[in-house]
Amino acid sequence: MVRRSGLDHNFHSFYVLCAAATGCHLKPVLAALQLRPADRHTYIGSGSGNHSNANVSVDTPATEGFGDRNEAALAARFAEVDNALKRLSKYDELVEPSFVWGVVSAILHLGDVRFRGEATDGVVEVGSTNVGGDARGPSFEGLEDDVDADDDTEARVGARDLPALRLASELLGVGESTLRSRLTERILSAGAVSSREELVVVPLSRGAAARARDALSTTLYSALFTRLVSALNALMLPHRSAGSVTGESGARSEPFIGLLDIFGFESLEHNSLEQLLINYANERLHALFLCHVFLGMSDDTVRILLNEDGGFGTDGFAAGEQDNGAALGVANVRCVSLIDAPPKGVLHLVDHQCRAPAGSESAFCLAVNQKHEVDDFLIVPKLSRNCKLDASSGFVIRHFAGDVAYAAGSFLQSNNDTLVGGSQWLAKSSNPLVRDLFSPSSADAPPLLPGLKSTAQTLSTGGFSSVGGRFSANLTELCTLLSSTKVGGEPCDRTLLCTCHVGVAALSARPHINQ
């Protein structure tokens, strides 16, 4: 959400809300949100001042390539979502549209808060909604080197950024000073906490403050999304009555229909954590598919299929896997293990660097290449005319769909979404929805469906929070749930054989990287 590559767009909700809350399509009930056109908000704008997207051209409209490119169409789409929220709020009052859109707007305003070396970088009158120097919103020009720099300079919220901070705090239902403190300071305990004097306040650097801001924004959106999904799932569960959505979930063992939106495999010009997680999900789901395809076949039959297809042959089986059945051997388990197996899987290595005081992108890449140098599913890149990476700047994973080169640059920043100081302060919000999202009772409540956890449950343990670790855990729960379902298929040996060949062909087709 806070980092985009190329001309990728952000979540649709941001664009439709901005279209409905600005210009001739402004709805009076949305005026209090004080939003601006989409291209004037940093998280979704096309300006070069985007915190994380220097590759987006300043000449590219924020809604270009978005499907419905005109504001009227986006405003109409907003009306559809808004009406759906109104219907849902009849059964769950906390998803009332004004609460939901307030949180979405708060995220946009949070993204406009920048951290500078000096607090007196501009003059803004008290009560002004002017952010970034003019009425249109943040001024992107000429500020790239001044804001959010990842150096040791103490982070300060400048005068020109106070309006965005003020709006975000109001919409989240927390004090302006509280929000400022949570973004720019870390509070440490100096021994047993019995008085305020035993707490030590440590100022954050500009880079650390920017990461704290992005972690808060991501957590808010994730919590809101999960809350809406929970409300919908609860309403669709059998034997539900109106008004019982937020109560006990009742029997969870009853049959239900689930829709699985499978990620598309990605290999971009620059691949980082997002692409790794997407491709990792594909590997896990592909492994599950192959297990179902080859289920019940003898090892000899699978070996014949593999050899006939010109694939791995018997070498495709990892040591010791033959005893567990042929399906396990062809189910790309070694590639999956390369990514998620503790203690040296890629996801665990990036977590280690995020925790390390002096963790770095180069140290992460070196660790991956050194610990998996002899792994058949990893290639250590070497600088050449055809390859711009080396062992300290990237690594190559041989996925079932092709070799993908992952480059250093944003792995650590993307992976670490730990909230500075935890989330307890959000549980004290005056906004009913925000308070519910992070309340301790939400963490203790059972999931409405297997594998569906609230943000409060995720953050309840405190400490380090990693995007990759949480993604892996959720994916494991999903695969467990999928494995418990009944798999249908044609009782035809010829059909099954064709299916096997398709699966093996996909597993075997691996173009090599040019080094």
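Caption draft 1: Local environment of the pairing of strand S6 (residues 394-399). Counting buried positions over the six residues of S6 gives six, a clear majority of the element. Side-chain alternation along S6 places Gly394, Val396 and Arg398 on one buried face and Phe395, Ile397 and His399 on a second face that is also buried. Here strand S5 (residues 378-379) pairs with S6 via two bridges, running antiparallel. Bridge assignment links Leu378 to a residue of S6, and that residue is Ile397. Count of turn residues in the S6/strand S7 (residues 402-407) antiparallel hairpin: two residues.

Caption draft 2: Looking closely at the sheet that holds S5. Across the sheet, which stays open at both edges, the three strands sit in the order S5-S6-S7 with antiparallel pairing between neighbours. In the strand order of this sheet, the two ends are held by S5 and S7, each with one partner. Strand direction decides the pairing type here: S6 and S7, joined by six bridges, are antiparallel. Bridge assignment links Arg398 to a residue of S7, and that residue is Asp403. Against the sheet, helix H7 (residues 273-293) makes contact with S6 and S7, and its axis sits at roughly 150° relative to S7, the strand it touches most.

Caption draft 3: Structural detail: the packing of helix H10 (residues 333-340) against helix H11 (residues 346-355). It is at 3 Å that the axes of H10 and H11 come closest, and there the two elements cross at 5°. As summarised for this structure, H10 and H11 are arranged roughly parallel, according to the angle between their axes. Residues Leu338, Ile339 and Asp340 of H10 lie in contact with H11, whose contacting residues are Val346, Leu347 and His348. Considering only residue class, the contact of H10 with H11 consists of four nonpolar, one polar and one charged.

Caption draft 4: Expanded view of the environment of Leu366. By the secondary structure assignment, Leu366 is in helix H12 (residues 361-371). By relative accessible area, which is 31% here, Leu366 ends up partly exposed. The contacts of Leu366, once residues within four sequence positions are left out, are Ala391 and Ser392.

Caption draft 5: Region of interest: helix H17 (residues 467-483). Counted at 1.5 Å a residue, the expected span for H17 with its 17 residues is 24 Å, and the 24 Å between its end C-alpha atoms agrees. Turning to H17, its buried residues are Gly468, Ser472, Leu475 and Cys479. Along the axis of H17, the buried residues cluster in a sector spanning 65°; they form a single face. Where H17 is buried, its residues contact H7, H10, H11 and helix H13 (411-415).

Caption draft 6: Fine view of the environment of Ser169. For Ser169, the position within the fold is in helix H4 (residues 162-172). Here the alpha-carbon distance between Ser169 and Leu110, two residues 59 residues apart in the chain, equals 8.7 Å. Those residues in contact with Ser169, other than ones at most four positions away along the chain, are Val174, Gly175, Glu176 and Leu179.

Scoring rules and cut-offs
Residues numbered from 1 in each chain as written. Predicted model: local features only at pLDDT ≥ 70, side-chain atom pairs only at ≥ 80, totals over all residues. Heavy atoms only, no water. Buried < 20%, exposed > 50% of the residue type's maximum accessible area, 1.4 Å probe, protein only. Helix = DSSP H or I, 4+ residues; strand = E, 2+ residues; numbered from the N terminus. Pairing = 2+ DSSP bridges. Contact = heavy atoms within 4.5 Å. Axes fitted to C-alpha atoms, helices over the stretch in contact; angles between N-to-C directions. Parallel < 35°, antiparallel > 145°, perpendicular 65-115°, else oblique. Nonpolar A, V, L, I, M, F, W, Y, C, P; charged D, E, K, R; others polar. Expected span 1.5 Å × (residues − 1). Arc of directions from axis to C-beta.

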